[in-house]
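Chain and residue survey
Residues per chain, in single letters:
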Amino acid sequence: MFNKVLVANRGEIAIRIMRACKELDIATVAVYSEADSNALFTKYADEAYLIGPAPTSKSYLNMDAIFDVAKKTGAEGIHPGYGFLSENATFARRCEEEGITFIGPSSEVIKQMGSKIAAREAMIKAGVPVVPSNGKPIEDYESAQKVADKLGYPLMIKASAGGGGIGMKVVNSDEELKNSISSIRSVAKSAFGDSTVFIEKYLDEPRHIEMQILADSHGNCLYLSDRECSIQRRHQKLIEEAPSPIMTPELRAEMGNTAIKAAKSIGYENAGTVEFLYSKGDYYFLEVNTRLQVEHGITELVTGIDIVKEQLKVACGEELSIRQEDIKINGSAIECRINAEDPLNDFNPSPGKILRYRSAGGPGVRVDSGVHVGYTITPFYDSMISKLQTWGRDRDEAIARMKRALFEYVVVGVKTNIPFHRAVMSHEEFIKGNLTTHFIDDYNILDIVAENAECQRRESDTLAMALEDNSKKVAAISAAVSSYINAAKSANMKNKNE
Ligand code: MV4
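Below you will find a few notes about this structure.

What counts as what
- The numbers attached to residues start from 1 for each chain and follow its sequence in the written order.
- Restriction of local features to residues with pLDDT of at least 70 applies here, the model being predicted, together with a cutoff of 80 or more for giving and counting side-chain atom pairs; totals for whole chains, interfaces and linings are based on all residues.
- Only hydrogens and water are set aside when side-chain values are computed; all heavy atoms of the structure are taken into account.
- Strands are runs of DSSP state E lasting at least two residues, helices are runs of H or I lasting at least four, and both sets are numbered from the N terminus onward.
- Atoms counted for the radius of gyration: C-alpha only. Globule rule: 2.2 Å times residue count to the power 0.38.
- Partly exposed residues are those whose accessible area sits between 20% and 50% of the maximum for their type, while under 20% is buried and over 50% is exposed, using a 1.4 Å probe and protein chains only.
- Every residue pair with non-hydrogen atoms within 4.5 Å of one another is taken to be in contact.
- We treat Lys and Arg as the positive residues and Asp and Glu as the negative residues; His and chain ends play no part in the count.
- Taken as the charge centre is NZ of Lys, CZ of Arg, CG of Asp or CD of Glu, depending on the residue.
- Any two strands with at least two DSSP-identified bridges between them are counted as paired.
- As a rule, the C-alpha atoms of each element are fitted with a line to give its axis, helices using only the stretch in contact, and angles between N-to-C directions run from 0 to 180 degrees.
- Definition of nearness: a residue and a molecule or strand are near each other if at least one heavy atom of the residue lies within 4 Å of the molecule or strand.
- Polar contact is the term for a pair of N or O atoms within 3.5 Å; when the atoms are in protein, one must be able to donate a hydrogen and the other to accept it, and sequence-neighboring residues count only if both atoms are side-chain atoms.
- The method behind every accessible area is Shrake-Rupley, applied with a 1.4 Å probe, and residues are considered shielded solely by the protein chains displayed.
- Classification convention: Asp, Glu, Lys, Arg as charged; Ala, Val, Leu, Ile, Met, Phe, Trp, Tyr, Cys, Pro as nonpolar; all other residues, Gly among them, as polar.
- Salt bridges are identified by distance alone: a Lys or Arg side-chain nitrogen within 4 Å of an Asp or Glu carboxyl oxygen.
- Of all possible arcs, the one meant is that of the directions from the helix axis to the C-beta atoms.

**Observations concerning the overall build of the protein chain**
The helix and strand inventory of the protein chain stands at 17 helices and 22 strands. In terms of overall dimensions, the protein chain is globule-like: its C-alpha atoms have a radius of gyration of 23 Å, near the 23 Å expected for 498 residues. Across its three principal axes, the protein chain shows a C-alpha extent of roughly 70 × 55 × 45 Å. The buried share of the protein chain, reckoned over its 498 residues, is 52%. Sequence-distant contacts, at least 24 apart, represent 67% of the contacts inside the protein chain between residues at least 6 apart. Charged side chains of the protein chain number 59 positive and 69 negative; the gap between the two group centres comes to 3 Å.

Written out as structure tokens, the structure is:
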């Protein structure tokens, strides 16, 4: 096992990874930007190093600075978390060259899956169902038209190097197609440095269902659970659940085995996710996410498997000790991403200082977060406050616990999307499990949020009153926590030396 791992990320996911390291007795190194010098994850780590100013290009994306710290500290592995360098093939390759273990798949696999066209080709070879497409780069309207004649409208133009919904467009007619090819090509060029686009049949009202996989370097590959991530806005997932409400044991086994077939065919190692679009009883491969995902926690809740610990073990060359037949889906889990953003103002970020804070607790509640009272959410990074996850013996219990947890949650100082989550959890179509990627618009969720606003404000003020707003006290508590952590650390060191 590793002695020391560098975590090339920030916030809640840096803490999540270091928690796994702590349980495995691995020392941790944090790297941070000037904007994060007081962030909790820097204190949690055994060592922490400043790598640059707030802009990500100068800090969390600054490979040279990260490798300097890795070498200086003797870190044997680097965990990239999600976002930032996690799906950067160049970064993974540099780790391989420097003799530092990249905790993720090989740079070759990251590169191949980074090209949607190459990924599609690999999946066809492996016998995995893909969305109808000509599967080749489209350079101009004339060749696009030939593909359109074959597939029929509606179509979707996608950037091969795309991600996060950028460089994608639905086209319904020749007229639209004519105007779109060159514009998507230039969007792709400026966003990804690659103008390659291709055309797929557009699937209407699909559900987004993904399969978590885990593979070791000995040829073993498992599927853990499916997740449904249909409730999203502008390609930003807001609510995820495991398993999907439409899942049956038969469909899960089929999609799971398809995901394994996909992973094995490309020589996948470590944790990953195979994404599918599900529409009218059929499912189609969409892409492979070659990283630990934000929503991995709900799979942990229903399987009992610590995905990050497994990542660390397989990255060290250990064989997976779990067998497929031992993996059982136990109950149901939901994640609400609690963001500092205002749902009634187009979900605009609401940066600022958290003045009062108390996260939910009690039976079946898991909170992954990197914030605390006095923490300032800056405009430099995403506005996530925490991932609120609930588990229940069935979906109804998970929903009831989520409603209860959202009621308990107190955040004062920044606007949050908690009212949005409350509206969804009480919505009869959500309760029935009728989800699509158009859920928020189809059911006018924001109108419900507006209607509930006044009543919920009074309710949450009552809870917030219980947490006194006294900045001196807050400073004293912060200092006490710091000295407690330092004392605990030196006690820990003493134990190690004994
Ligand atoms: C699609 C699609 C419909 N048809 N492809 C969005 C992100 C990118 N990874 C692929 N996406 C989609 N591809 C075809 N042929 C609909 C989407 C899509 C979507 C997918 C997953 C989750 C949310 C979504 C929201 C809108 C569109």
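So that's the structure; there's more coming.
**Section: the sheet that holds strand β11 (residues 236-242)**
Pairing within the open sheet is antiparallel, and its 8 strands lie in the order β13-β12-β9-β10-β11-β14-β21-β19. Looking along the sheet, the strands with just one partner apiece sit at the ends: β13 (282-289) and β19 (365-369). Put simply, the sheet's adjacent strands are angled 25 degrees from each other on average, direction ignored. Its contacts with the sheet put helix α1 (residues 11-23) on β19 and β21 (384-392), and the angle it makes with β19 is roughly 115 degrees. Across the sheet, helix α11 (residues 307-315) is in contact with β9 (207-215), β10 (221-233) and β12 (270-279); its angle to β12 comes to roughly 125 degrees.

**Things to note about the site of the ligand**
Close to the ligand lie 15 residues, the nearest being Lys 158, Glu 200, Lys 201, Leu 203 and Glu 287. Between Glu 200 and the ligand, the recorded distance is 2.9 Å, taken from a side-chain N or O atom to a nitrogen atom. In this structure, a nitrogen atom belonging to the ligand sits 2.7 Å away from a main-chain N or O atom of Lys 201. Relative to its unbound accessible area of 520 Å², the ligand is 90% covered by the protein chains. Split by residue class, the shell around the ligand holds 7 nonpolar, 4 polar and 4 charged.

**What about the environment of Gln 212?**
Within the secondary structure layout, Gln 212 lies in strand β9. Looking at Gln 212, the relative accessible area reads 2%, which means it is buried. Residues Gln 212 and Leu 344, spaced 132 residues apart in sequence, show a C-alpha to C-alpha distance of 33 Å. Ignoring anything within four residues of it in the chain, the contact list for Gln 212 reads Leu 222, Tyr 223, Leu 224, Ser 225, Arg 227, Ala 271, Gly 272, Thr 273, His 296, Thr 299 and Ile 307. Within polar-contact distance, the side chain of Gln 212 engages the side chain of Arg 227 at 2.9 Å.

**Concerning the sheet that holds strand β1 (residues 4-7)**
Within the open sheet, the 5 strands sit side by side as β3-β2-β1-β4-β5. Their pairing is parallel. If you trace the sheet from one side to the other, it starts and ends with β3 (47-52) and β5 (101-102), each paired once. Here β1 pairs with strand β2 (residues 27-33) via 4 bridges, running parallel. Residue pairing in the sheet places Val 5 in a bridge with Thr 28 of β2. Seen against the sheet, helix α3 (residues 63-73) touches β1, β2, β3 and β4 (77-79) and runs at an angle of roughly 155 degrees to β3.

**Here's the deal with the pattern of salt bridges**
Using the criterion set out here, one finds 32 salt bridges in the structure. Note that Lys 309 and Glu 23 form a salt bridge whose closest N and O atoms lie 2.6 Å from each other. Of this pair, Lys 309 sits in helix α11 while Glu 23 sits in helix α1, and the two are 286 residues apart along the sequence. The class for Glu 23 is exposed, based on a relative accessible area of 54%. Here Arg 404 and Glu 408 are joined by a salt bridge, their closest N and O atoms 3.1 Å apart. Highlighted residues: Arg 404 and Glu 408, both in helix α12 (residues 395-408), separated by 4 residues, approximately one helical turn. What makes Glu 408 partly exposed here is its relative accessible area of 25%. Salt bridges linked by common partners bring Glu 210, Arg 227, Lys 237, Glu 240, Glu 295, Glu 335 and Arg 337 together as one network.

**Focus on the side chain of Arg 207**
In this fold, Arg 207 is placed in strand β9. On the accessibility criterion, Arg 207 (10% relative accessible area) is buried. Within the structure, Arg 207 has its side chain in polar contact with the backbone oxygen of Leu 435 (distance 3.5 Å). Residues contacting Arg 207, with those up to four places away along its chain left out, are Glu 228, Ser 230, Ser 244, Pro 245, Ile 246, Phe 276, Leu 277, Tyr 278, Gly 433, Asn 434, Leu 435 and Thr 436.

**A closer look at helix α5 (residues 107-114)**
For α5, the complete set of buried residues consists of Ser 107, Val 109, Ile 110 and Met 113. The buried residues of α5 all sit within an arc of 165 degrees when viewed along its axis, so they share a single face. In this structure, α5 carries Glu 108 and Lys 111 as exposed residues pointing more than 90 degrees from its buried face.

**Observations regarding the pairing of β11**
Of all 7 residues that make up β11, 6 are buried, and the element is covered over most of its length. Counted along the chain from β10 to the antiparallel partner β11, the turn is 2 residues long, and its residue Arg 234 has a positive phi close to 45 degrees. In terms of strand pairing, β11 meets strand β14 (residues 332-339) through 4 bridges, oriented antiparallel. Residue pairing in the sheet places Ile 239 in a bridge with Cys 336 of β14.

Taken by themselves, the reported measurements are silent on function.
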